[in-house]
Amino acid sequence: MTTTTTTLETMYADAFDHGECISIYLGKNERCIGVVDVGGRGNNRRVSSLTVDREFRCKGYATKLMNKVIERHGKANLHLVAMPTPGKDNLSMPSLVRFYERLGFSIVPDTLSRPPLSVRMKRPAK
């Protein structure tokens, strides 16, 4: 396990047989506010889920988690399926795609579902 700490934030990265879980905690009591799971091996990694507590959304924590994934696995091809979770506080599909595009991901051609409930995206190895 590796740990990165700032004033009130702590990030943990735990490796498992199937991949890695990166979590971000806030405050002295270390409340977990976000988690990203990364699977795969070698030169192909898959972001299988990204979750941020509703109270802390739109405050940069999802970006921090994904930047940590890119920092740790940026030399590999990163894949994900962008699929918004239903709910009034969650991102729409266009917003979700823009979020990942800002991180260097692009849509894999011909993978949009009809209607667009999910989209496959890829970030090439650097």
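1. Structural notes on the confidence of the model for the chain
Detailed reading of the predicted model is not advised wherever pLDDT is low. Here the chain averages 81 in pLDDT, and 83% of its residues register 70 or above. When mean pLDDT is compared element by element in the chain, helix H1 (residues 61-73) scores highest at 91, while strand S1 (residues 2-5) scores lowest at 54.

2. Side note on the nonpolar core
Judged by nonpolar contacts, the single largest core of 28 residues is most densely connected at Met66, Tyr100, Phe105 and Met121. At the level of elements, strand S2 (9-16), strand S3 (19-26), strand S4 (31-41), strand S5 (44-52), H1, strand S6 (77-82), helix H2 (93-102) and strand S8 (119-123) are the ones that each hand at least two residues to this core. Beyond its immediate chain neighbours, meaning those up to four positions away, Phe105 contacts Met66, Leu78, Leu80, Tyr100, Met121, Lys122 and Arg123.

3. Structural notes on the pairing of S6
Where S5 and S6 come together, 4 bridges link them in parallel fashion. Bridging from a neighbouring strand, Arg46 pairs with His79 of S6. Following the chain from S5 across H1 to the adjacent parallel S6, one finds a crossover that is right-handed. Relative to S8, S6 runs antiparallel, the two being bridged by 5 bridges. Within S8, the position partnered with Val81 by the bridge is Arg120.

Calculation notes
Residues numbered from 1 in each chain as written. Predicted model: local features only at pLDDT ≥ 70, side-chain atom pairs only at ≥ 80, totals over all residues. Heavy atoms only, no water. pLDDT = per-residue confidence, 0-100. Helix = DSSP H or I, 4+ residues; strand = E, 2+ residues; numbered from the N terminus. Core = buried A, V, L, I, M, F, W, Y, C linked by side-chain atoms within 4.5 Å. Buried < 20%, exposed > 50% of the residue type's maximum accessible area, 1.4 Å probe, protein only. Contact = heavy atoms within 4.5 Å. Pairing = 2+ DSSP bridges. Right-handed = clockwise from strand over helix to strand, strands pointing away.

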